[in-house]
Amino acid sequence: MKPVKVGLLGLGTVGTGVVRIVQGNQEDLSSQVGSPITIEKVAVRSVDKVRNIDIDPARLTTDPWEVIRDPDIDVIVEVMGGIDLTREYILEALERGKHVVTANKDLMALHGSAILAKAQEKQCDVFYEASVAGGIPIIRTLIEGFSSDRIVKIMGIVNGTTNYILSKMSQEGASYEDVLKEAQELGYAESDPTSDVEGLDAARKMAILGTLGFRTNVELSDVTVQGISSVTKEDINYAKNLGYEMKLLGIATSQNDHITISVQPTMIRKNHPLASVNGVFNAVYVHGESVGETMFYGAGAGELPTATSVVADLIAIIKNLKLGVNGLKAIVPYKQKKLQSDDQVMYKNFILLHVDDKAGVLAQITQVFAEYNVSLASVVQQPNATNPDAEIVIITHRASKASFDRVLQYFENLDVIQRIKSVYRVEDI
Ligand SMILES: NC(=O)C1=CN([C@@H]2O[C@H](COP(=O)(O)OP(=O)(O)OC[C@H]3O[C@@H](n4cnc5c(N)ncnc54)[C@H](OP(=O)(O)O)[C@@H]3O)[C@@H](O)[C@H]2O)C=CC1
Ligand SMILES: N[C@@H](CC=O)C(=O)O
């Protein structure tokens, strides 16, 4: 039987996992697709860095074009990352009739529609399951499993690095810097971890999930983003004492064909299943009009979990190849997207203020909330342990983002407020 030949771009954390799974499970994989699968060529930046993996050095190259232009290669597996140059590689591979698997959310969030259009034109497949939530087959689930339903809400812990950091800070009181370093050593973080900790990686994934879930074209710029770099142990302890866990949550909702998507550190009730998703694990909660609530859980990053999704895509492509049905576009965004305005986006908020410890302050503050029509669920005033100010901890009822932002703006110039210490979204469902 003629082998299916694979060209691999990248042999880092994920690429190494791909080689291990293709080699280690060869018998099972080839029996599923009816032919052997060989890793024909592998592009890396530096050949000297390739260790701990059984690969013939003759198959290594430092020139990705050599892999793309090899006429014998049927499928390109892109696990090297990057955007502009990588887009060129993938478009050229498709131009040459090669099918593509990628784990690259940076690329798919920005150029997914152009890449999928080229794939359709050339009757090729582009699969990207590993680009969101590592080992969880959430893309297939949204495209196939929920094709009959209308999805109204998606909430996701979709970044393993930040969930690892927040879990360790919450459970072990570990320091942000130490845990970030650990996450990098374990291969969870991006080459530049800023995109993890500042929420950009999660925003890219939420743009992909929003596009597929709401069947529209969500741009990265449609997603509002805040990362975890300013979350302190103190904030996490406040959340815990109030019955919440702090998570970097992507939240996407669709109502009357208006959507909103955000990524931000969020206090989520301890009894919600997302609150117990810890470490490198990810979870995606999907609420469909007909199906109701569902949730998908698994490792969101790391060598073998991510490679599992990549190799599953490879198998799907080879099966399609054998059936001669490649190039069926994964999704046709058919709805014109409208974004909810800040007056329509509603949620609860937590706010921690450092204020002057004197009579009448609490009344002044609650008056501002009343003026902007933000109703309060709880207010606690207590002395501050480390300075002469008092602390006021407030949780609001659901209020529009626009109103709440006006309150914050007013507080910036209110004399009795020394500092707006922390502000977080609160999810009670
Ligand atoms: N790590 C994870 O858990 C997950 C990663 N992903 C995505 O998978 C992709 C790969 O991630 P990961 O394996 O962690 O990354 P790594 O940094 O571990 O590996 C990247 C690999 O690509 C090679 N490479 C990078 N640029 C070039 C280039 N211009 N030419 C040739 N080779 C190049 C590197 O070579 P060299 O080592 O010589 O520099 C290395 O072998 C990224 O898109 C990432 O976002 C998705 C889900 C999870
Ligand atoms: N850096 C990412 C890797 C997977 O996408 C993460 O931490 O989730």
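About the thresholds
Throughout this description, residue numbers start from 1 for each chain and increase along the sequence as written. Numbering of ligands from 1 and lettering of chains from A proceed in the order in which they are written. Only residues with pLDDT of at least 70 get local features here, since the model is predicted, and only at 80 or more are side-chain atom pairs given and counted; chain-wide, interface and lining totals rely on the full set of residues. Helical segments are the DSSP runs of H or I of at least four residues, strand segments are the runs of E of at least two, and each set is numbered from the N terminus. The globule rule is 2.2 Å times the number of residues to the power 0.38, and the radius of gyration it is compared with is taken over C-alpha atoms. The burial criterion counts other C-beta atoms lying within 10 Å of a residue's C-beta, which is placed from the backbone; the residue is buried at 20 or more, exposed at 12 or fewer, and partly exposed between these limits. Two residues form a contact once the distance between their C-beta atoms, set from the backbone, is within 7 Å. Along the chain, pLDDT gives the predictor's confidence residue by residue, from 0 to 100. By definition, a residue lies near a molecule or strand when the C-beta atom built from its backbone is within 6 Å of it. Amino acid classes used here: Ala, Val, Leu, Ile, Met, Phe, Trp, Tyr, Cys and Pro are nonpolar; Asp, Glu, Lys and Arg are charged; the rest, including Gly, are polar. Every axis corresponds to a line fitted to the C-alpha atoms, with the helix fit spanning only the stretch in contact, and the corresponding angles, defined between N-to-C directions, vary from 0 to 180 degrees. Orientation categories follow fixed angle ranges, with anything under 35 degrees roughly parallel, anything over 145 roughly antiparallel, 65 to 115 roughly perpendicular, and all other angles oblique. In this scheme, a crossing is called left-handed if the near helix is turned counterclockwise away from the far one by less than a right angle; it is called right-handed if the turn is clockwise. Domain segmentation is taken from an automatic or database assignment of domains. The arc refers to the directions leading from the helix axis to the C-beta atoms. Nonpolar cores are identified as sets of buried Ala, Val, Leu, Ile, Met, Phe, Trp, Tyr and Cys residues joined via C-beta atoms within 7 Å. UniProt positions are given in the numbering used here, feature names are shortened, and annotations may be inferred rather than shown by experiment. Note on pairing: two strands pair once DSSP finds at least 2 bridges between them.

**Student:** Kindly report on the overall build of the protein chain, identifying the contributing residues and their values.
**Tutor:** Counting its secondary structure elements, the protein chain contains 14 helices and 18 strands. In terms of C-alpha radius of gyration, the protein chain reaches 24 Å, essentially the compact-globule figure of 22 Å for 429 residues. Taking the principal axes of the C-alpha coordinates as reference, the protein chain spans close to 85 × 45 × 35 Å. Within the protein chain, the fraction of its 429 residues that count as buried is 43%. When contacts within the protein chain are restricted to residue pairs at least 6 apart in sequence, long-range pairs at least 24 apart make up 74% of them.

**Student:** Can you break down the confidence of the model for the protein chain residue by residue, with the values?
**Tutor:** The pLDDT averaged across the protein chain works out to 95; a share of 99% of its residues lies at or above 70. This prediction of the complex comes with two scores: 0.97 for pTM and 0.99 for ipTM.

**Student:** Quick rundown of the site of ligand 2? Include the residues and the values.
**Tutor:** Within the structure, ligand 2 sits among Gly134, Asn159, Gly160, Thr161, Tyr188, Ala189, Glu190, Asp196, Asp201, Gly300 and Ala301. Within the shell around ligand 2, the residues separate by chemical class into three nonpolar, five polar and three charged.

**Student:** How would you summarise the packing of helix α5 (residues 105–121) against helix α10 (residues 200–214) if you had to cite specific residues and measurements?
**Tutor:** Where α5 meets α10, the closest approach of the two axes is 9 Å, and the angle between their N-to-C directions is 50°. Comparing their axes, α10 and α5 come out oblique. For the element pair α5 and α10, the recorded crossing hand is left-handed. Contact residues: Lys105, Asp106, Met108, Ala109 and Gly112 in α5; Asp201, Arg204, Lys205, Ala207 and Ile208 in α10. Taken together, the residues that form the contact of α5 with α10 break down as four nonpolar, one polar and five charged.

**Student:** Pulling in residues and values, what's your account of the packing of helix α1 (residues 13–24) against helix α12 (residues 303–323)?
**Tutor:** Viewed as axis vectors pointing N to C, α1 and α12 meet at an angle of 65°, and their least axial separation amounts to 8 Å. Between α1 and α12, the angle is such that the two are roughly perpendicular. Between α1 and α12 lies a crossing whose hand is right-handed. Across from Thr13, Val14, Thr16, Gly17, Val18, Ile21 and Val22 in α1, the residues of α12 making contact are Glu303, Leu304, Thr306, Ala307, Thr308, Val310 and Val311.

**Student:** Quick one: what's the story with the site of ligand 1, residue by residue and with numbers?
**Tutor:** Near ligand 1 you find 27 residues, and of these Gly10, Gly12, Arg45, Met80 and Ala301 are the closest. Residue contributions to the shell around ligand 1 peak at three residues, all from α1. There are two domains that each give the shell around ligand 1 at least three residues, and those are domain 1 (4–132 + 303–323) and domain 2 (138–299).

**Student:** So, helix α13 (residues 361–371): which residues are in play, and what are the values?
**Tutor:** Taken as a whole, α13 has its buried residues at Val361, Ile365 and Phe369. The buried residues of α13 occupy one face: seen down the axis, they fall within an arc of 75°. Among the exposed residues of α13, those pointing more than 90 degrees away from its buried face are Ala363, Gln367, Ala370 and Glu371. Summarising the contacts, the buried residues of α13 are in contact with β14 (346–355), β15 (376–383), β16 (390–396) and α14 (401–412). After α13 finishes, the residue Asn373 shows a positive phi value of roughly 65°.

**Student:** Tell me about the nonpolar core, and name the residues and values.
**Tutor:** Val18, Val77, Met206, Val310 and Leu314 are the most contacted members of the largest nonpolar core, which has 116 residues in total. Of all the elements, α10 adds the most residues to this core, at nine residues. Among all residues touching Leu314, those that are not within four sequence positions of it are Val6, Val75, Val77 and Val101.

**Student:** Hey, could you go over the environment of Asn159 for me, with residue numbers and the actual values?
**Tutor:** Inspection of the secondary structure assignment puts Asn159 in the loop between β7 (151–157) and α7 (160–172). Along the backbone, Asn159 and Lys247 are 88 residues apart, and their C-alpha atoms lie at a distance of 10 Å. Excluding residues within four positions of it along the chain, Asn159 makes contact with Asp196, Asp201, Ala202, Leu248 and Gly300.

**Student:** Any chance you could break down unusual backbone geometry for me, citing the residues and the numbers?
**Tutor:** In this structure, Asn52 is a non-glycine residue whose phi angle is positive, near 55°. In this fold, Asn52 is placed in the loop between β2 (37–43) and β3 (60–61). The phi dihedral of Asp257 is positive, around 65°, even though this residue is not glycine. With respect to the helices, strands and loops of the structure, Asp257 is situated in the loop between β9 (244–255) and β10 (258–269).

**Student:** Go over the UniProt feature "domain: ACT" (unreviewed entry) in the protein chain with me, naming the residues and quoting the values.
**Tutor:** Per the UniProt record, the feature "domain: ACT" (unreviewed entry) sits at residues 350–429. Helix makes up 29% of residues 350–429 and strand 42%. Its end C-alpha atoms lie 15 Å apart.

**Student:** Quick rundown of the domain arrangement of the protein chain? Include the residues and the values.
**Tutor:** Where interface size is given, it is often the accessible area lost as the parts come together that is meant. According to the domain assignment, the protein chain contains domain 1 (4–132 + 303–323), domain 2 (138–299) and domain 3 (346–427). Taking only C-alpha atoms, the centre of domain 1 and the centre of domain 2 are 27 Å apart. Counting residues per element, the side of domain 1 that touches domain 2 draws most heavily on α5, which supplies seven residues. Along the lines of polarity and charge, the residues of the side of domain 1 that touches domain 2 split into six nonpolar, five polar and four charged.

**Student:** A description of the sheet that holds strand β1 (residues 4–9) should follow, citing residues and the corresponding values.
**Tutor:** Pairing within the open sheet is parallel, and its six strands lie in the order β3-β2-β1-β4-β5-β6. Single-partner strands in this sheet number two, and they are β3 and β6 (126–127). Direction of pairing for β1 relative to strand β4 (residues 75–78): parallel, over a ladder of four bridges. Within the sheet, the bridge partner assigned to Leu8 lies in β4 and is Val77. Sheet strands touched by α12: β1, β4, β5 (99–102) and β6. Its angle to β5, the strand with the most contacts, is close to 165°.

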